Amino acid sequence: MTPIQFFDLKSQGRRLRADIDRRIAAVLDHGAYIGGPEVGGLEQALCQFTGAKECVAVASGTDSLIIGMMGEDIGVGDAVFIPGFTYNATANAVLITGATPIFVDVERETCNIDPGHLERQIKAVKAQGKLRPRMIVGVDLYGLPADYEALNAIARNHGLIVMADAAQSLGGEDKGRKVGALTDLTATSFYPTKTLGGYGDGGAMFTDDAARANRWRSIRWHGTDDARKESVRVGLNGRLDSLQCAILLAKLEIFAEELAARRRAAAFYTRRLEGRVAMPREQGGKHSAFGLFTVYVENRDSVAAALKDKGVPTAIYYNKALHRHLAFAPFAPKDGLPQCEWLQDRVLSLPMHPYLTEDQIAHVVESLLAVL
Ligand SMILES: *Cc1c(COP(=O)(O)O)cnc(C)c1O
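My aim in this report is to walk through the structure given alongside it, one point at a time.

Analysis parameters
Residues numbered from 1 in each chain as written. Predicted model: local features only at pLDDT ≥ 70, side-chain atom pairs only at ≥ 80, totals over all residues. Heavy atoms only, no water. Salt bridge = Lys/Arg side-chain N within 4 Å of Asp/Glu carboxyl O. Helix = DSSP H or I, 4+ residues; strand = E, 2+ residues; numbered from the N terminus. Buried < 20%, exposed > 50% of the residue type's maximum accessible area, 1.4 Å probe, protein only. Near = heavy atom within 4 Å. Polar contact = N/O pair within 3.5 Å; in protein donor to acceptor, adjacent residues only side chain to side chain. Areas by Shrake-Rupley, 256 points an atom, 1.4 Å probe, with all protein chains shown as cover. Nonpolar A, V, L, I, M, F, W, Y, C, P; charged D, E, K, R; others polar. Phe/Tyr/Trp six-rings, centres within 6.5 Å; stacked < 30°, edge-to-face > 60°. Pairing = 2+ DSSP bridges.

**A word on the pattern of salt bridges**
Pairing between side chains of opposite charge can happen when the charged atoms of each approach one another.
Then step 1. Inspection of every chain in the model, using the stated rule, returns 17 salt bridges.
Then step 2. Between D21 and R17 there is a salt bridge, with its nearest N and O atoms 3.0 Å apart. Here D21 pairs with R17, and both are found in helix 1 (residues 9–30), just four residues apart, close to one helical turn.
Then step 3. The class for R17 is exposed, based on a relative accessible area of 52%.
Then step 4. R22 serves as the salt-bridge partner of D19, at 2.5 Å between the closest nitrogen and oxygen. In this pair, D19 and R22 both sit in helix 1, three residues apart, roughly one turn of the helix.

Structure representation (structure tokens):
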């Protein structure tokens, strides 16, 4: 058996190398390194893939979150509700706009934001009267879409906007509708190890609202008007370059096939670990993109060390809930976030990528069951 990789970009790279070389050469030949035809080409292809009407490619997942908030004029005095168990970029984006992050607990069953606690946090902010509740950010942890039906209903009741942080979930779906088309606006990342990853940084934003997408196009180009002559709002350099788009277009050709391979690997893991190991589960018609495959274990350090000895690499996403980090502690809810704190001590991610063989997955499963 070949050594098991946690992620495996090399197998995909070998498979696509000739096509990627050809597409890179085309960019070098036409010379439009910024704003070349590959940018619009990628945006169009991603609209087709997700079913969203509008797509805007941007420089990173973090930029997609920041631009998503800037496009709704989120700023000082605004409250943005985010789960306490996610990557730090979700909270950083809120604070960069000047708004205040309000942490919400997650559900152990999905690792995603808890709609019940969200509703209580919105009511608490309203009762306090200091901040204006503006936006909910649903994070699709490990690839599983958050409960956008519930989040959209809560948002309608309270006059809020819902943004999906889909950095880990491109390719996921809810009752046949794809991530990118599940709520008002969606932000995703093309960091190399995400489900659709480039060879560098990148991201994209989705919406059905043409006016909103036009604001994003302006913001990503320094806040200029269509002629790029006049600054009509505050903006930044949030563009994705032509080379990165060319590479992503090559990878998009095999993306559906890769997602199916991730689903097969996840089904194998789930079948063999069911009843033996706790883990977040797909529910209510939602399907994960399986950016990561995560289980909950006690004595995590010793389990991870024993797996490493058996040739099974693992990783921890995340060992600290956000409200426990130095930078975000000032925003910690006074009673903490019990589920986030439970998860931070137990989550362990197993190898997950489209190029795992059945032998390799069986070895991971047997090793894990042997060391528990
Ligand atoms: C990766 C990630 C981001 C940030 O994306 P970058 O492209 O690295 O800026 C944001 N949120 C979540 C949940 C992520 O996993």
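Further notes follow.
**Digging into the site of the ligand**
Then step 1. Within the structure, the ligand sits among 16 residues, and G61, T62, Q168, S189 and K194 are positioned closest to it.
Then step 2. One of the side-chain nitrogen or oxygen atoms of T62 is found 2.5 Å away from an oxygen atom of the ligand.
Then step 3. Q168 places a side-chain nitrogen or oxygen 2.8 Å from an oxygen atom of the ligand.
Then step 4. Across the complex, the protein chains shield 92% of the 380 Å² of accessible surface that the ligand would expose by itself.
Then step 5. For the shell around the ligand, the elements supplying multiple residues, two or more each, are helix 3 (61–70) and helix 4 (88–96).
Then step 6. Considering only residue class, the shell around the ligand consists of six nonpolar, eight polar and two charged.

**A few points about unusual backbone geometry**
Then step 1. A cis geometry characterises the amide bond from Y317 onward to Y318, with omega recorded as 15 degrees.
Then step 2. Among the secondary structure elements, Y318 is positioned in the loop between helix 10 (300–309) and helix 11 (338–344).
Then step 3. Positive phi is not limited to glycine here, since D73 has a value of about 60 degrees.
Then step 4. On the basis of relative accessibility, which here comes to 66%, the residue D73 falls in the exposed class.
Then step 5. In this model, C111 sits at a positive phi of 70 degrees, which is unusual for a non-glycine residue.
Then step 6. Residue position: C111 is located in the loop between strand 3 (100–104) and helix 5 (115–128).

**Observations concerning the packing of aromatic side chains**
Then step 1. Scanning all chains against the criterion turns up nine aromatic pairs.
Then step 2. Seen from their ring centres, F49 and F255 are 5.2 Å apart, and the 45 degrees between their planes marks the pair as tilted. With F49 in helix 2 (residues 37–50) and F255 in helix 9 (residues 255–273), this pair connects stretches of sequence that are 206 residues apart.
Then step 3. A relative accessible area of 1% places F255 in the buried class.

**Focus on the pairing of strand 9 (residues 203–207)**
Then step 1. Among the five residues in strand 9, five count as buried, and that is most of the element.
Then step 2. Residues G203, M205 and T207 point to one face of strand 9 and A204 and F206 to the other, with burial holding for every one of them.
Then step 3. Looking at chain direction, strand 1 (residues 54–58) and strand 9 are connected through five bridges and run antiparallel. Pairing of V58 across the sheet is with G203, part of strand 9.
Then step 4. Pairing geometry for strand 8 (residues 185–189) and strand 9, over five bridges, is antiparallel. Across the sheet, the residue bridging to A187 is M205, located in strand 9.

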